[in-house]
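# Results of the structural survey
Residue-level listing of the chains:
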Amino acid sequence: MHSAPQAETSKLALIADVGHNAMRLGLTDGDGRLRRETIRTFESHEQSSISGAFSSFSRSCALEELPRRCAIAISGAAVGDTISVPNSRWFLSRSGLTAMLQAPPLILNDFAANAWALSAPDSDARIEAMAGAPFSAEEPGTRCLIGVGSGLGIAVIVRDEQGRINVLPTEGGHCHFMAGLAELDPLLDGWRAKEPVTAEDLLSTRGLLALYRMVVGSEGATARASDTEGVMHLVTHHDPHASRAAALFARALWYFAGNMALAYGAWNGVMITGSLARALRSEIRSPDAARYFVVPSPWQRQLREVPRVIVSLEHAELRGAAQALLIH
């Protein structure tokens with residue numbers, strides 16, 4: 001495959017998603033839409049640098065040169081000239097990539113990219129209603145997207161009266177997890193005595209494992225799982241300790257989501273996504289868990305009406321980075 005001549009009107013671009021352990025690269029077509037057949041994945045042990053991955057990608061696609069237009073979604077805050085990807089060997093240099101591409105790249109948070117993907121006019125996201133009023137992504141308003149997986153992502157999507165979209169990236173997952181859940185606070189007291197507990201510490205794959213260990217310890221039982229995959233296996237087989245941990249996880253997620261809805265004024269919807277959210281779908285859908293969204297406040301009536309959905313979209317980070325590049 002050879003690169004087509006890049007006319008001034010062409011929106012051909014290189015798109016990247018840089019995570020903790022792997023990096024995905026792809027190309028857009030001349031209209032700026034991701035071409036899925038071009039996607040390549042590079043593991044951290046294969047490539048020690050972003051520029052090296054770009055060069056390998058270029059060779060694998062038989063490109064004569066890399067497109068100047070480029071958008072990169074990264075795990076973490078896209079701040080500064082030199083950006084280190086948390087829990088990874090990779091870092092990005094804006095000035096270095098600008099010199100390599102002969103144009104400045106757009107660098108954005110990977111979860112903000114998720115939000116852009118879900119907001120795209122041609123989005124084919126799967127949306128499953130859970131609670132509250134009917135959900136509509138087309139109406140003006142403010143919506144909060146919460147992603148639960150190996151980490152915890154928070155982004156805010158605002159659509160104005162003219163249909164224009166703006167995405168607010170946040171690091172809300174690193175806020176300290178708030179007290180107030182009577183059945184959870186006793187389990188967290190010992191943890192908090194040693195170190196601060198962030199929302200991501202609790203609402204992530206490692207958080208589910210920590211909850212399971214706390215439940216087992218509080219009942220003087222012996223743990224039957226040593227990793228999150230093992231806990232999920234026990235959940236599907238109705239192990240009482242794993243099931244209790246999953247139920248507590250779902251309640252904590254909704255409690256956090258209710259607080260985020262208040263913090264950002266997300267009266268038009270809260271969207272839950274991520275691999276762990278999908279794995280714990282039945283627990284999250286439980287009415288017993290969902291009621292914790294309506295946190296004690298003067299706004300309980302309004303919170304009950306906030307639409308709540310689970311969403312999923314394939315290649316969301318890459319598609320969202322491409323969409324953000326079009327908007328910018």
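All of the points below concern the structure found in this document. Predicted, not measured: the structure shown is a model, and the values here were computed from it.

Each value, and the rule that gives it
- Residues numbered from 1 in each chain as written.
- Predicted model: local features only at pLDDT ≥ 70, side-chain atom pairs only at ≥ 80, totals over all residues.
- Heavy atoms only, no water.
- Core = buried A, V, L, I, M, F, W, Y, C linked by side-chain atoms within 4.5 Å.
- Buried < 20%, exposed > 50% of the residue type's maximum accessible area, 1.4 Å probe, protein only.
- Helix = DSSP H or I, 4+ residues; strand = E, 2+ residues; numbered from the N terminus.
- Contact = heavy atoms within 4.5 Å.
- 1 Å grid on protein atoms, 1.4 Å probe; cavity = no way out; pocket = protein on both sides within 12 Å on 5 of 7 lines; lining within 4 Å.
- Points joined across faces, edges and corners; volume = space filled by probe spheres on them.
- Nonpolar A, V, L, I, M, F, W, Y, C, P; charged D, E, K, R; others polar.

With that out of the way, let us pick up the nonpolar core. In this structure, Ile146, Phe177 and Trp254 are the most contacted members of the largest nonpolar core, which totals 59 residues. Per element, the largest residue contribution to this core is 14 residues, and it comes from helix H8 (residues 240-264). The residues touching phenylalanine 177, leaving out its near neighbours within four places in the chain, are Leu184, Leu188, Arg192, Val197, Thr198, Ala199, Leu202, Leu203, Ala252, Tyr255 and Phe256. Core analysis: the second largest hydrophobic core is formed by 31 residues, Ala13, Ala112, Leu118 and Ala155 among them.

With that settled, consider the layout of surface pockets. Approximately 1100 Å³ is the volume found for the largest pocket. Counting only elements with at least two residues in the lining of the largest pocket, the list comes to strand E2 (22-28), helix H3 (110-119), strand E9 (141-148), strand E10 (152-159), helix H9 (275-279), strand E13 (308-312) and helix H13 (316-327). Element by element, the count of residues in the lining of the largest pocket is highest for H3, at 4 residues. Across the lining of the largest pocket, the residue classes break down as 12 nonpolar, 22 polar and 9 charged. Considering only enclosed or pocket space, the second largest pocket measures out at about 330 Å³ in volume. Around the second largest pocket, the lining comprises 19 residues; the ones closest to its centre are Leu118, Ser119, Ala120, Ala137 and Arg159. Those elements that provide at least two residues to the lining of the second largest pocket are H3, E10 and H13. Per element, the largest residue contribution to the lining of the second largest pocket is 3 residues, and it comes from H3. When its residues are assigned to classes, the lining of the second largest pocket shows 13 nonpolar, 3 polar and 3 charged.

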